[in-house]
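Close look at the chain arrangement
The primary structure of each chain is shown beneath.
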Amino acid sequence: GISCGRICYECLQELCVRKLPRLALANRLWVGEVPQELSILTLLERVLIGLYFLVSFIIKLYPQKK
């Protein structure tokens, strides 16, 4: 058989009925390689130049080392 690695339950269900998963990269979600100039931007700069405005972000904060 063909091995595809890990796959979420929702995607597996859609693939079993021969549908393209909603969050698949092949569903026009792949934007290509990010240019070096854009990869160094801060989160705020990315939000300001983005085409779409996300409502929320989840940011993991690490404790300071003493």
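Note that this is a predicted model, so its numbers are computed, not measured. (Residues numbered from 1 in each chain as written. Predicted model: local features only at pLDDT ≥ 70, side-chain atom pairs only at ≥ 80, totals over all residues. Heavy atoms only, no water.)

**Quick look at the confidence of the model for the chain**
The share of residues in the chain with pLDDT of 70 or more is 88%, and the mean pLDDT across the chain is 81. Per-element mean pLDDT across the chain ranges from 84 in helix α3 (residues 43-49) up to 89 in helix α1 (residues 9-16). (pLDDT = per-residue confidence, 0-100. Helix = DSSP H or I, 4+ residues; strand = E, 2+ residues; numbered from the N terminus.)

**Considerations on the layout of surface pockets**
If you add up the space inside the largest pocket, you get close to 640 Å³. Here the element with the most residues in the lining of the largest pocket is α3; it accounts for three residues. Here the lining of the largest pocket is composed, by residue class, of twelve nonpolar, two polar and three charged. (1 Å grid on protein atoms, 1.4 Å probe; cavity = no way out; pocket = protein on both sides within 12 Å on 5 of 7 lines; lining within 4 Å. Points joined across faces, edges and corners; volume = space filled by probe spheres on them. Nonpolar A, V, L, I, M, F, W, Y, C, P; charged D, E, K, R; others polar.)

**Quick notes on the environment of L29**
Locating L29 in the fold gives a position in the loop between α1 and α2 (36-39). Judged by relative accessible area, L29 falls into the partly exposed class, the value being 43%. For L29, the contacting residues outside a window of four places in its chain are R22, L23 and A24. (Buried < 20%, exposed > 50% of the residue type's maximum accessible area, 1.4 Å probe, protein only. Contact = heavy atoms within 4.5 Å.)

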